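# Analysis of the macromolecular model
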Amino acid sequence: MVKSYLRYEARSVFGVIASPTGNAVFDHSGKLSITAALESVIVWDIKKGTQVARWSDSDNKAEVTRIARSPNGKDYAVGYADGSIRLFDLTNNTVNVVLSGHRGRVSALEFDSTGTVLASGARDTDIILWDVVGEVGLYRLRGHKDEITGIAFVAGSAAIGTASALHASSAGYIVSSSKDTLVKLWDLRGRHCVQTLVTHRSEVWGLAVSPDGRLLVTGTSDMNLHVWTLDMAKLDSVASNDGKGETSANDWEAIAEYGSIQRSSRDRVVELRFHPSGLYLACLSADKQVEVFRSRQHAEIKKKMARRQKRYREKRGKDKVDGSDHDGSDHEDEAETPTITAADELTSFKVVRTSAKPVSLDFSPTEADATALGRQSGMHILVAQNNNSLHMWSVPVPPPGMTTKQANLGEPSLASS
């Protein structure tokens, strides 16, 4: 005898705080968290732990994979597993537009400095630039062979001050990373790749560009973060020729190797992000920790170089007394002109230990003023974890004019969860 049973289907989900498939970001005030929650997006009041709003679209059945904050303070781009992108308005909690162009899950989203252009990367290996105001796609950038893991806008001198998507999308540059181990620099004026970094030996899981556009940091599965310098003036000078003069491949190499800095983690990089002030760099690793690096100021680097020269001269003087100096002239020249590396500028500062595997991190956008940051209790880091939890950590920072040793700083503390 055949028995028939009622078919049970899931009608609703409750108790979801943060899903492991997407990230979480601060709002423009630093008080709210925009968090991926399966097919929806939940706006949380971080300190009170209460839900402020819930964003969802009845036509969508795919999970949220990426969220990006616009510089205008109200728009948020939300990418989904089916390749679609929706723009939500924080002021009225509604969907403004749906952008469709990718054939795979959206893995990277980034607004430009004007908030009028959105760059998206996905598993389909394409990078698409969107006109947010016109609500249309502008063009695609193709060249990667695997999933896009990171995108960052780098504004050249020609792109500074642009106010429309038409000009912003045709001036400046984009840096992208992918699982194909490559990092590419794209010229938005010519809409093509002008430089490719091929030194990484494994997947590039994340990248970050400093707020001043001078440093590029990439992270892989090894124990070192790779640091590069960006010379956009070099690209602008070549682009300004507009084909009038002959150019070689070396003329377009605006990214130069600066060195590497060692991480304390042995697991792969999950995400990299610079603090809005540019003074700190956070590295999220897959082994339950967030390592914060501090950027030394020019005066600190100069003192360190002076101490290095002094120790080297003392060692050379000892070698001369022992009679083991054979090529002293070359070493003296080297000591007179020490080379500053990435390890001299970026040094390990604090380590935040999380209770579960972290998914994403974000800094509060209200802490861009370095002076105000030094006067407050510390900088705040929002960390989403894969155990359906969301935490905000407070990391103490030294006051202006003081070093970390002089300030006698404490350890990072959990501000709210």
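### Overview of the overall build of the protein
- Looking only at helices and strands, the protein has 7 helices and 28 strands in total.
- Surface summary for the protein: the accessible area is close to 20,400 Å², and the carbon and sulfur share equals 48%.

### Considering the sheet that holds strand β4 (residues 50-55)
- Strand order in the open sheet formed by 4 strands is β1-β2-β3-β4, and the pairing between neighbours is antiparallel. The open sheet has two free edges, formed respectively by β1 (24-26) and β4, since each of these has just one partner strand. The average angle at which neighbouring strand axes cross in this sheet is 25 degrees, direction not considered.
- Relative to β4, strand β3 (residues 40-45) runs antiparallel, the two sharing 5 bridges.

### Thoughts on the pairing of strand β8 (residues 94-100)
- Alignment of strand β7 (residues 84-89) against β8, held across 6 bridges, turns out to be antiparallel. Within β8, the residue paired with D89 across the bridge is T94.
- Between β7 and β8, which pair antiparallel one after the other, the connecting turn spans 4 residues, and N93 there sits at a positive phi close to 55 degrees.

### Quick look at the pattern of salt bridges
- What the rule picks out here adds up to 14 salt bridges.
- With a closest N to O distance of 3.2 Å, R69 and D362 form a salt bridge. Of this pair, R69 sits in strand β5 (residues 64-69) while D362 sits in strand β25 (residues 358-363); the two residues are 293 residues apart in sequence, bridging distant segments of the chain.
- Its relative accessible area of 25% is what places R69 among the partly exposed residues.
- In this structure, E271 and R273 form a salt bridge, with 2.8 Å as the shortest nitrogen-oxygen distance.
- Judged by relative accessible area, which is 6%, E271 ranks as buried.
- Judged by relative accessible area, R273 falls into the partly exposed class, the value being 24%.
- Shared partners join several salt bridges into a network, and the residues in it are R66, R69, E271, R273 and D362.

### Considering the packing of aromatic side chains
- As enumerated under the stated definition, the model contains 3 aromatic pairs in all.
- Where W55 meets Y76, the ring centres are 5.9 Å apart and the plane angle is 50 degrees; that geometry is what we call tilted. One end of the pair, W55, is in strand β4; the other, Y76, is in strand β6 (residues 75-80), and 21 residues separate them in sequence. We note that W55, like Y76, is buried.
- Taking 5.1 Å as the distance between ring centres and 10 degrees as the angle between the ring planes, the aromatic pair formed by W55 and F88 counts as stacked. Here the residue W55 occupies a position in strand β4, and F88 occupies one in strand β7, the gap between them amounting to 33 residues. Exposure class is identical for W55 and F88. Each is buried.
- Among the aromatic side chains, those forming a connected cluster through ring pairs are W55, Y76 and F88.
- Here the basic side chain of R268 rests over the ring of W205, its NZ or CZ set 3.8 Å away from the ring centre.
- We note K350 situated over the ring of F349; from NZ or CZ to the ring centre the distance is 5.9 Å.

### Remarks on the sheet that holds strand β22 (residues 280-285)
- Within the open sheet, the 4 strands sit side by side as β21-β22-β23-β24. Their pairing is antiparallel. Whereas interior strands pair on both sides, the edge strands pair on one side only; in this sheet they are β21 (269-274) and β24 (346-353). Averaged over all pairs of adjacent strands, the angle between strand axes in this sheet comes to 20 degrees, irrespective of strand direction.
- Bridge count for β22 against strand β23 (residues 289-295) is 6 bridges, and the pairing is antiparallel. Bridging from a neighbouring strand, Y280 pairs with R294 of β23.

### Considerations on unusual backbone geometry
- Phi angles above zero are rare outside glycine, and L38 is one such case at about 60 degrees.
- The residue L38 is located in the loop between β2 (32-37) and β3 in this model.
- The phi torsion at E135 lies on the positive side, around 60 degrees, for a residue other than glycine.
- Along the polypeptide, E135 turns up in the loop between β11 (127-131) and β12 (136-141).

### Brief notes about the confidence of the model for the protein
- Residue-level pLDDT values for the protein average 85, and 83% of them are 70 or greater.
- Contacts of residues 158-163 to residues separated by more than four positions or lying in other chains number 8 contacts, the stretch itself having pLDDT below 50.

Analysis parameters
Residues numbered from 1 in each chain as written. Predicted model: local features only at pLDDT ≥ 70, side-chain atom pairs only at ≥ 80, totals over all residues. Heavy atoms only, no water. Helix = DSSP H or I, 4+ residues; strand = E, 2+ residues; numbered from the N terminus. Areas by Shrake-Rupley, 256 points an atom, 1.4 Å probe, with all protein chains shown as cover. Pairing = 2+ DSSP bridges. Axes fitted to C-alpha atoms, helices over the stretch in contact; angles between N-to-C directions. Salt bridge = Lys/Arg side-chain N within 4 Å of Asp/Glu carboxyl O. Buried < 20%, exposed > 50% of the residue type's maximum accessible area, 1.4 Å probe, protein only. Phe/Tyr/Trp six-rings, centres within 6.5 Å; stacked < 30°, edge-to-face > 60°. Lys NZ or Arg CZ within 6 Å of the ring centre and 35° of its normal. pLDDT = per-residue confidence, 0-100. Contact = heavy atoms within 4.5 Å.

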